[in-house]
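Architecture and fold: a report
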Amino acid sequence: GALVYQYPRRTICKSGTSMRMECQAVGFQATSVAWYRQSPQKTFELIALSTVNSAIKYEQNFTQEKFPISHPNLSFSSMTVLNAYLEDRGLYLCGARPGGQDTQYFGPGTRLLVL
Amino acid sequence: QQKVQQSPESLIVPEGGMASLNCTSSDRNVDYFWWYRQHSGKSPKMLMSIFSNGEKEEGRFTVHLNKASLHTSLHIRDSQPSDSALYLCAASIGGSGTYQRFGTGTKLQVVP
């Protein structure tokens, strides 16, 4: 079956430092990977969408300079939160989609705590 | 920027009852809707998607879509305590490979 793993599951970083998180699709080829943040207030924000053979598209309040994403192959994506501050706290979810399908499979998320 | 509104924010229904959740998009270009369920501490799992006007049923779950009003609703009949979760609606322009933007969710609690 289709599975999505995320690593780490939970991380704590000091304010102003950076943190990298990974997303791995298993059992299918993820032609698109979307990164989301679910905040402590439970709002669910799309950060960016990465599609194979296309440029990564960032949402209005998110930038490549702050959230650089790498999507080197059809099973792996990583995102870094640079200079993390309190407002970056939350659960970071990756949603991976097999080519030609509407279904999006979510990983368990990386919970980021910023001190 | 497209906005997806969900209502109510929270809902309590008795076991065996009907739960009705609503979702509306403010972007007239949206043509795909998804419903996800997220149990506490877990990642969202897709329940159903719909892009045609009308109704789609899968077991106890029925989804309606009115494309003219960009409104979709999810109905859960014979609700069970295990249905207690956060229900998220997502909308996109087009299907596969496109952005899904999410609403803030409806927290459903089914009480015995």
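Reading the values: rules and limits
- All residue numbers refer to positions counted from 1 along the written sequence of the respective chain.
- Lettering of chains starts at A and numbering of ligands starts at 1, both following the order in which they are written.
- The predicted origin of the model limits local features to residues at a pLDDT of at least 70 and limits the giving and counting of side-chain atom pairs to 80 or more, whereas totals for whole chains, interfaces and linings rest on all residues.
- Each side-chain value is worked out from all heavy atoms of the structure, with water and hydrogens disregarded.
- DSSP-based pairing: two strands are paired if at least 2 bridges between them are found.
- Secondary structure elements are taken from DSSP: a helix is a run of H or I of four residues or more, a strand is a run of E of two residues or more, and numbering for both begins at the N terminus.
- Angles here are taken between N-to-C directions and fall from 0 to 180 degrees, while the axes themselves are lines fitted to C-alpha atoms, restricted in helices to the stretch in contact.
- Each residue is placed in one exposure class: buried if its accessible area under a 1.4 Å probe, protein chains only, is under 20% of its type's maximum, exposed if it is over 50%, and partly exposed if it falls in between.
- In this description, the term disulfide denotes a pair of cysteine sulfurs within 2.5 Å.
- Note on definitions: salt bridges are taken to be side-chain nitrogens of Lys or Arg within 4 Å of carboxyl oxygens of Asp or Glu.

**With respect to the sheet that holds strand β3 (residues 19-25) of chain B**
Residue and element names in this part refer to chain B. Strand order across the open sheet formed by five strands is β1-β3-β8-β7-β6, with antiparallel pairing between neighbours. Since the sheet does not close on itself, it has two edges, and those belong to β1 (4-7) and β6 (54-58), each with one partner. Strand-to-strand twist in this sheet, taken as the mean axis angle between neighbours without regard to direction, amounts to 15°.

**Some thoughts on the environment of Gly94(B)**
When you line up the elements, Gly94(B) lands in the loop between β9 (85-92) and β10 (101-102). For Gly94(B) and Pro112(B), which are 18 residues apart along the polypeptide, the C-alpha to C-alpha distance reads 40 Å.

**Side note on the pairing of strand β4 (residues 30-38) of chain A**
Residues and elements named next belong to chain A. With eight of its nine residues buried, β4 lies for the most part within the structure. As paired strands, β4 and strand β9 (residues 90-98) are joined by eight bridges and run antiparallel to one another. Residue pairing across strands places Arg37 opposite Tyr92, the latter belonging to β9. Pairing of β4 with strand β5 (residues 44-51) involves seven bridges; the strand directions are antiparallel. Counterpart to Val33 in the pairing with β5 is Ser50.

**Thoughts on the state of the cysteines**
Residues and elements named next belong to chain A. Under the counting rule described, the total for this entry stands at two disulfides over all chains. Across the disulfide, Cys23 is cross-linked to Cys94 (sulfur-sulfur distance 1.9 Å). For the disulfide bridge between Cys23 and Cys94, the dihedral angle about the S-S bond is near 65°, and by the sign convention the bridge is right-handed. Note that Cys23 is positioned in strand β3 (residues 19-26) and Cys94 in strand β9, a separation of 71 residues in sequence.

**Digging into the pattern of salt bridges**
According to the stated counting rule, one finds eight salt bridges over all chains in the structure shown. Its salt-bridge partner being Asp88(A), residue Arg37(A) comes within 3.4 Å of it at the nearest N-O pair. Within this pair, whereas Arg37(A) is found in strand β4, its partner Asp88(A) is found in the loop between β8 (76-81) and β9, the two being separated by 51 residues in sequence. The same class applies to Arg37(A) and to Asp88(A), which are both buried. The partner of Arg77(B) in a salt bridge is Glu57(B), and the shortest N-O contact between them spans 3.9 Å. Residue Arg77(B) is located in the loop between β8 (71-76) and β9, and its partner Glu57(B) is located in strand β6; the two are separated by 20 residues in the primary sequence. Judged by its relative accessible area of 41%, Arg77(B) is partly exposed. Taken together, the shared-partner salt bridges connect Arg37(A), Glu45(A), Lys66(A) and Asp88(A) into one network.

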